[in-house]
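# Overview (structure and organization)
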Amino acid sequence: MVDERAAEFRRAKTALFARAGLRGTAFCRAYSSLADDWLGTLATDAGITDGSGMALVAVGGYGRRELCPGSDLDVTLIHKGKRKIQASAEAVWYPIWDSATGLDHSVRNMKDALAAIDSDLKVILGLLDARLVAGDRAVAGELVDRASERWRKKAAQWLEQLGDMSAERHNHFGEVAFLLEPELKEGEGGLRDLAGLRAVAAGAPVVDDWRGEPTLVDAHQTLLAVRIALHLRTGRPQDRLNLQEQDGVAADLDYQDADALMKAVATAARRVAWANDDAWHRVGAWLAGPARRRHPDRQLDAGIVLRDGEISLTTEADPETDPSLPLRAGAASAQLGVPMSRSTLGRLAAGVHTLDGPWPAEARNALVQLLGAGSGAIGVLEALDQTGVLSRLLPEWEPVRSRPQRNAFHRFTVDRHLCEAAANAAELVRRVRRPDLLLVGAWLHDIGKGYPGDHTEVGIEVVERIGQRMGFPPEDVLVLQDMVRHHLLLPDVATRRDLADPATAELVARAVGNADLLELLGALAEADGLATGPAAWGSWKAGLVNELVRVVRDRLAGEEVEAPPGLPTDEHRRLMAEGEVNVLADGPTVTVIAPDRPGLMATVAGVLAIHGLDILSAAAASEAGMAVEVFDVVPARGEPPRWDGLRADLALALEGGLDLEEKLAQKEKTYSVGRRPHAARSAQPLVLFDQEASASATVVEVRSPNAVGLLHRITRTLAEHDLDVVTAKVSTLGHEVVDAFYVRTAEGGKVTDPERLDRLEATLLTQLTPST
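Predicted, not measured: the structure shown is a model, and the values here were computed from it.

Rules behind the numbers
Residues numbered from 1 in each chain as written. Predicted model: local features only at pLDDT ≥ 70, side-chain atom pairs only at ≥ 80, totals over all residues. Heavy atoms only, no water. Disulfide = S-S within 2.5 Å. Axes fitted to C-alpha atoms, helices over the stretch in contact; angles between N-to-C directions. Helix = DSSP H or I, 4+ residues; strand = E, 2+ residues; numbered from the N terminus. Parallel < 35°, antiparallel > 145°, perpendicular 65-115°, else oblique. Contact = heavy atoms within 4.5 Å. Nonpolar A, V, L, I, M, F, W, Y, C, P; charged D, E, K, R; others polar. Buried < 20%, exposed > 50% of the residue type's maximum accessible area, 1.4 Å probe, protein only. Pairing = 2+ DSSP bridges. Polar contact = N/O pair within 3.5 Å; in protein donor to acceptor, adjacent residues only side chain to side chain. Expected span 1.5 Å × (residues − 1). Lys, Arg positive; Asp, Glu negative; His and termini not counted. Salt bridge = Lys/Arg side-chain N within 4 Å of Asp/Glu carboxyl O. Patch = residues over 30% accessible without salt bridge, like charges linked within 9 Å, V, L, I, M, F, W, Y side chains within 5 Å. Areas by Shrake-Rupley, 256 points an atom, 1.4 Å probe, with all protein chains shown as cover. Charge placed at Lys NZ, Arg CZ, Asp CG, Glu CD. pLDDT = per-residue confidence, 0-100. Phe/Tyr/Trp six-rings, centres within 6.5 Å; stacked < 30°, edge-to-face > 60°.

### Remarks on the state of the cysteines
- If you walk through the whole model with that rule in mind, you get zero disulfides.
- Of all cysteine sulfurs, the one in Cys28 lies closest to Cys68, which takes part in no disulfide; the gap is 4.2 Å.

Here is the structure:
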């Protein structure tokens, strides 16, 4: 039978959780007060009163009055050797359990508690936030005082352990600001870091309590409000903000949409992460002792010195009159791998203003030096961003700050993506004649995403203004604009068009116009792809882009373009002469030789899908009644297939003895078990026709959500419309695909009849709808 006191608490919680407009710290304090009152009554009834030698103490998040709907009640029952402590403890614990409220509890005598304080980091961290809920004030006061005293005395030991534990946690949960589905509590920049900063401030005199910093108070309020809303919406203690919950949480908190919510989360988390990094840097210097801090200043540049392991400004340096100063200081910081001092950042934040006219050459050169430092520039740009300096130097940066990209393809916000792309470009500068344009172009290639409209078209206009203001000559500004205009050209063409077709090289050569821009775009494609995520760049795509650059370079030089080897090869012809079905597997390449027939590619694609292979590209040719089809594949789940079984199924399918549609439906059902739906917005399926990309074939481009057997369905449809697939290129962009098919009619020509194209488009769109 449930204790009536437990039922009463559950009703009170339900009423509190339903109160409209109660958010953030106000909610947490209200819930903590409700819990205090109830536990106080339970404790009193159990004999835990002032002077009893027993004290019920709230620790951790409950001690900080940060109870969220799914939080456990973290409590310790401390006593001074009471014999009947177990009965008192159970009188409190059982009603809590009956109320269906989470409980994290311990019972300790004072001696054991002090021993735990000396040996267990998690115990002492919890007690740093401890407060009396009910019982003996003197007992609780002694415990809290001893914990604080021992934390300060052993600060060096504890802080080293806490730093290691925080780094391990960050590595496991990732960065809150940049994950598609961030972990609000444990991730880097999350609520756990704010709790850790309080502990750091209690032990290290070089770190201030963040509760005195308004921007961190706001960040805390934002993250706390989102966590509360997530708990209320899901009805469980879930701290990972999954895609399917983001729209609902945004509506609950009155954000315009999920993008606005995620921008607020990213902004808050970045502020926390930056403050956390700064605090731990200062702790490290403090722990190193005076030997590290007392070195003579080392002059680095005009107005800039290296002082005590940090970049500092001299007394004479004036950010108000020297617009190059923040970028020169940033370049020094990035190149040496040391941070700018807090006083330096403060002076820059107070003195730097927006430049009305063109940048001086020193500022432009310093920017290039900063970006050229590679990964070391990312933290420096973040510091300039967090202090407001970056947006004053580049006002166009503000619209992309913390702007989310809510899809599985991109792993970073827009601004961080740009910084990562520039860092990657720094590794590629020896491949181009103009490293400065590569670095700046990589940093700005997606700047248009902060504005309404097509991000490329808008970006071309924005980068023109920026390039002129930075002082680049007109011809260099045009190159920067072309880098924005064509930043997707090479990866798109390489993965969607036939590189063996001379028309492909001609198409790109006309768009690019010269070898200098081509090499810049080749390096930018790699830098951009690596910054986007693993789905955007790998050895397969790199090989295709490099091959495309080669054939286009030859075309621009007026040389005979040497196309990649075509089909069939001499070895293929030898096997085709045998007249039998043959399946060859060579690493990521699967070659199928079989009697030619309509729909052969659809059949093979279906069998490959059944056996867990994703197809990246496909090519086909036929001679004398035999066909050869070559597929570049990757295992969908990381495990290679059983080749004997694949060969047997292919032979069975070609004989009509395998129900491919049923097998693919079963495969899709298996893959969908436990898989969350993608809540990020997906465009409707799209079918495009390109008559210019090839002299002898029509290119059918299909853009659609990915699905098991998708290539099979598309190629089956093409066969049903009496079209032969000569080449297929498949690009997977997260959970979206862009497939291009070079097709010919049975007579060997392009598909030119508009009505026939309309019928094909309608059929393909039917096949691409999710219900299929």
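### So, the packing of helix α23 (residues 489-496) against helix α26 (residues 539-556)
- Where α23 meets α26, the closest approach of the two axes is 9 Å, and the angle between their N-to-C directions is 100°. Considering the angle they form, α23 stands roughly perpendicular to α26. Two secondary-structure elements touch here, α23 through Leu490, Pro491, Val493, Ala494 and Thr495 and α26 through Trp540, Lys541, Leu544, Val545, Leu548 and Val549.
- The residue makeup of the contact of α23 with α26, split by class, is nine nonpolar, one polar and one charged.

### Re the packing of α23 against helix α24 (residues 502-512)
- Interaxial distance between α23 and α24 falls to 11 Å at its minimum, and their mutual angle equals 170°. With respect to each other, α23 and α24 are oriented roughly antiparallel. The residues of α24 that touch α23, namely those facing Leu489, Leu490 and Val493, are Thr504, Val508, Ala511 and Val512.

### Here's the deal with the pairing of strand β7 (residues 310-313)
- Alternating residues of β7 divide into Glu310 and Ser312 and Ile311 and Leu313, and every residue in both groups is buried.
- Examined bridge by bridge, strand β6 (residues 304-307) and β7 share four bridges and lie antiparallel to one another. Looking across to β7, one finds that Arg307 is bridged to Glu310.
- Between the end of β6 and the start of β7, which pair antiparallel, lie two residues, with Asp308 showing a positive phi angle near 55°.

### A word on the side chain of Thr76
- Take Thr76: it is sitting in strand β2 (residues 73-79).
- Residue class for Thr76 comes out buried when judged on its relative accessible area of 9%.
- Among the polar contacts listed, one links the side chain of Thr76 to the side chain of Ser106, at a separation of 3.0 Å.
- Among all residues touching Thr76, those that are not within four sequence positions of it are Ala55, Leu56, Val57, Val59 and Ser106.

### What about helix α25 (residues 515-532)?
- A rise of 1.5 Å per residue sets the reference length of α25, with its 18 residues, at 26 Å; its end C-alpha atoms lie 25 Å apart and thus fit the reference within 8%.
- α25 sits mainly inside the fold: 15 of its 18 residues count as buried.
- Put simply, Asn514 is the residue that caps the front of α25, since its side-chain oxygen is 3.2 Å from the backbone nitrogen of Asp516.
- Of the residues flanking the end of α25, it is Gly533, one or two places downstream, whose phi is positive at about 150°.

### Brief notes about the side chain of Glu310
- Tracing the backbone shows Glu310 in strand β7.
- Buried charged residue Glu310 carries no salt bridge. Nearest counter-charge: Arg282, at 6.3 Å.
- Within the structure, the side chain of Glu310 is placed 3.1 Å from the side chain of His281, a separation counted as a polar contact.
- Leaving out residues up to four positions away in the same chain, Glu310 has contacts with His281, Val305, Pro339 and Ser341.

### Some points on the sheet that holds β6
- Across the sheet, which stays open at both edges, the three strands sit in the order β5-β6-β7 with antiparallel pairing between neighbours. The strands lining the two open edges of the sheet, one partner per strand, are β5 (298-301) and β7. Taken over all neighbouring pairs, the strand axes of this sheet differ in orientation by 40° on average, direction set aside.

### Focus on unusual backbone geometry
- Residues other than glycine seldom take positive phi values, yet Arg65 does so here, at roughly 60°.
- Here Arg65 is to be found in the loop between α3 (60-63) and β2.
- On the accessibility criterion, Arg65 (35% relative accessible area) is partly exposed.
- Although it is not a glycine, Ala100 adopts a positive phi angle of roughly 65°.
- With respect to the element layout, Ala100 can be found in the loop between α4 (85-98) and β3 (103-109).
- Taking relative accessible area as the criterion, Ala100 reaches 57% and is therefore assigned exposed.

### With respect to the environment of Pro640
- By secondary structure assignment, the location of Pro640 is in the loop between β11 (626-635) and α29 (643-654).
- Note on Pro640: relative accessible area 57%, which makes it exposed.
- When the C-alpha positions of Pro640 and Leu428 are compared, they lie 34 Å apart, and in sequence the two are 212 residues distant.

### Digging into the pattern of salt bridges
- Following the criterion strictly, the structure yields 56 salt bridges and no others.
- A salt bridge links Arg342 to Asp208; the nearest nitrogen and oxygen atoms lie 3.6 Å apart. Linking Arg342 in helix α15 (residues 342-351) with Asp208 in the loop between α9 (191-203) and α10 (214-234), this pair joins segments that are 134 residues apart in sequence.
- On the accessibility criterion, Asp208 (53% relative accessible area) is exposed.
- Among the salt bridges present, the one from Glu382 reaches Arg270, with a minimum N-O distance of 2.7 Å. Of this pair, Glu382 sits in helix α17 (residues 376-386) while Arg270 sits in helix α12 (residues 258-288), placing them 112 residues apart in sequence.

### So, a negative patch on the surface
- Side chains of Asp454, Glu457, Glu461 and Glu464 sit close together on the surface and give a patch of like negative charge.
- Mapping Glu464 onto the fold places it in helix α21 (residues 455-470).

### Side note on the sheet that holds β2
- Taken in spatial order, the four strands line up as β3-β2-β1-β4 in an open sheet, and their pairing is mixed. With partners counted over all chains shown, the strands left at the sheet margins are β3 and β4 (131-135), one partner each. Averaged over neighbouring strand pairs, the angle between their axes works out to 25° when direction is ignored.
- Where strand β1 (residues 54-58) meets β4, four bridges bridge the pair, whose relative direction is antiparallel. Note that in β4 the partner of Leu56 across the bridge is Ala134.
- Across the sheet, helix α5 (residues 110-119) lies against β2 and β3, angled at about 115° from β3, the strand it touches most.

### Quick look at the confidence of the model for the chain
- Residues at a pLDDT of 70 or more form 96% of the chain, whose mean pLDDT is 91.
- Contacts of residues 673-681 to residues separated by more than four positions or lying in other chains number 15 contacts, the stretch itself having pLDDT below 50.

### A short note on the pairing of β6
- Pairing of β5 with β6, which is carried by three bridges, proceeds in the antiparallel orientation. Note on β6: the bridge partner recorded for Asp301 is Ile304.
- The antiparallel hairpin formed by β5 and β6 contains two residues in its connecting segment, where Gly303 sits at a positive phi of about 80°.

### Some details on the packing of aromatic side chains
- For the structure shown, the criterion picks out eight aromatic pairs.
- Pairing Phe9 with Trp38 gives two aromatic rings, centres 4.1 Å apart and planes at 5°, and the pair type is stacked. Taken together, the positions of Phe9 in helix α1 (residues 4-17) and Trp38 in helix α2 (residues 24-45) put the pair 29 residues apart, joining distant regions of the chain. Comparing Phe9 with Trp38, the two get one shared label, buried.
- Taking the centre distance of 5.3 Å and the plane angle of 90° together, the rings of Phe17 and Tyr31 count as edge-to-face.

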